[in-house]
Structures are given as structure tokens and as C-alpha cells.
Amino acid sequence: MRGAPTAILITLLMAEGVLGGGMMMRAGHAETAPGGFDAMMAQSMARMHADMAVAPSGDPDRDFAAMMIPHHQGAIEMAKAELAYGRDPVLRRLAQGIIVEQAQEIEVMRRALAERPVARTQPTQPPARHHH
């Protein structure tokens, strides 16, 4: 697992790219071709954020895994965009590692979800007491 350093790198890349105005500057030019890098990144981010919107189940472990699976899948999709369009050998190697490691972590979380019973959401207010 790469942990925080990977998250920081992805955040920095995204801050300057898709989230920073919709254009990624590389080698002195903007990548704006329809269906190119920017489109792949934007689609990955949109899908990731939508899929992370999981209704709370009342089980923090289940909710963590349910939200982290799409987060990791988004990282894989972004890494694939880097491999398709990126030129920096260090970042391309990082992208390869992200694909392998995040896929392994997704499998661990899927197994954990399969082994956990579905929790019932905790009521937000205690039930009303009847006085007789």
C-alpha cells in the first residue's frame, strides 16, 4: 500500500488538472481533445464520487469498505488514463503500481463485505415510550 503519499500525489495532480479548470497542462500545451485524458479523468472522478455516495448502514466497517471500493476503482481508472496519455516514466510506473495495489485492496474489501452481515441502520431517535 502506498497510503498517504499516493493520495497526496493524486490530489496534487487533480488540483492542477480536472479540478483546476478542466485542462491538464503538459509539455507546454493543454490536453483538451474530446475523449482524451481530460475526459477520462473527468469521467473517472464523476463515477467515483457518485459511487461513493453510500447510504449509512450503521456499520462503520461496512460503510468504509463500501465507500473505499469506488474510491480505489477511481484511482485505477485515473492510473489507466496516465498509462494511456502520460509520458513521464516515474508517473507511469506509479500508475502501474496503483492499478495492481488498488485492485488487490478492492478484493480484500469485497471479501470483507461478503463476510459481514448487512447491518440495520441505527435509529436516529430512541423509540417513544408508552406510559400506561
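For clarity, every value in this text was computed on a predicted model and none was experimentally measured.

## Observations concerning the nonpolar core
- A65, I69, A75, I76, A79, L94, A95, I98, I99, I106, M109 and L113 together form the largest nonpolar core, which totals 12 residues.
- Counting only elements with at least two residues in this core, the list comes to α3 (60–85) and α4 (89–115).
- The element contributing the most residues to this core is α4, with 7 residues.

## Focus on the environment of R116
- As for its position among the elements, R116 is in the segment after α4.
- Beyond its immediate chain neighbours, meaning those up to four positions away, R116 contacts D59, D61 and R62.

## A look at the packing of aromatic side chains
- Counting across every chain of the model gives 1 aromatic pair.
- Aromatic pair F37 and Y85: ring centres 6.3 Å apart, planes at 75°, arrangement edge-to-face. In this pair, F37 is assigned in helix α2 (residues 37–52) and Y85 in helix α3, connecting sequence segments 48 residues apart.
- Given a relative accessible area of 5%, F37 falls into the buried group.

## Overview of the confidence of the model for the chain
- Looking at the chain as a whole, the pLDDT averages 78, with 64% of positions reaching at least 70.
- The secondary structure element of the chain with the lowest average pLDDT is strand β2 (residues 29–31), at 41, and the one with the highest is α4, at 97.
- Note that residues 15–32 has pLDDT below 50 and, in this model, 33 contacts with residues that lie over four places away or in other chains.

## A few points about the pattern of salt bridges
- Using the criterion set out here, one finds 4 salt bridges in the structure.
- In this structure, the salt-bridge partner of R116 is D61, at a minimum N-O distance of 3.5 Å. You can see R116 sitting in the segment after α4 and its partner D61 sitting in helix α3, a full 55 residues away along the chain.

## Details of the environment of S44
- By the secondary structure assignment, S44 is in helix α2.
- Taking the relative accessible area as the measure of exposure, S44 reaches 3% and is therefore buried.
- Residue contacts for S44: discarding those within four places in its chain leaves G74, E77 and M78.
- Within polar-contact distance, the side chain of S44 engages the side chain of E77 at 3.4 Å.

Cut-offs applied
- Residues numbered from 1 in each chain as written.
- Predicted model: local features only at pLDDT ≥ 70, side-chain atom pairs only at ≥ 80, totals over all residues.
- Heavy atoms only, no water.
- Core = buried A, V, L, I, M, F, W, Y, C linked by side-chain atoms within 4.5 Å.
- Buried < 20%, exposed > 50% of the residue type's maximum accessible area, 1.4 Å probe, protein only.
- Helix = DSSP H or I, 4+ residues; strand = E, 2+ residues; numbered from the N terminus.
- Contact = heavy atoms within 4.5 Å.
- Phe/Tyr/Trp six-rings, centres within 6.5 Å; stacked < 30°, edge-to-face > 60°.
- pLDDT = per-residue confidence, 0-100.
- Salt bridge = Lys/Arg side-chain N within 4 Å of Asp/Glu carboxyl O.
- Polar contact = N/O pair within 3.5 Å; in protein donor to acceptor, adjacent residues only side chain to side chain.

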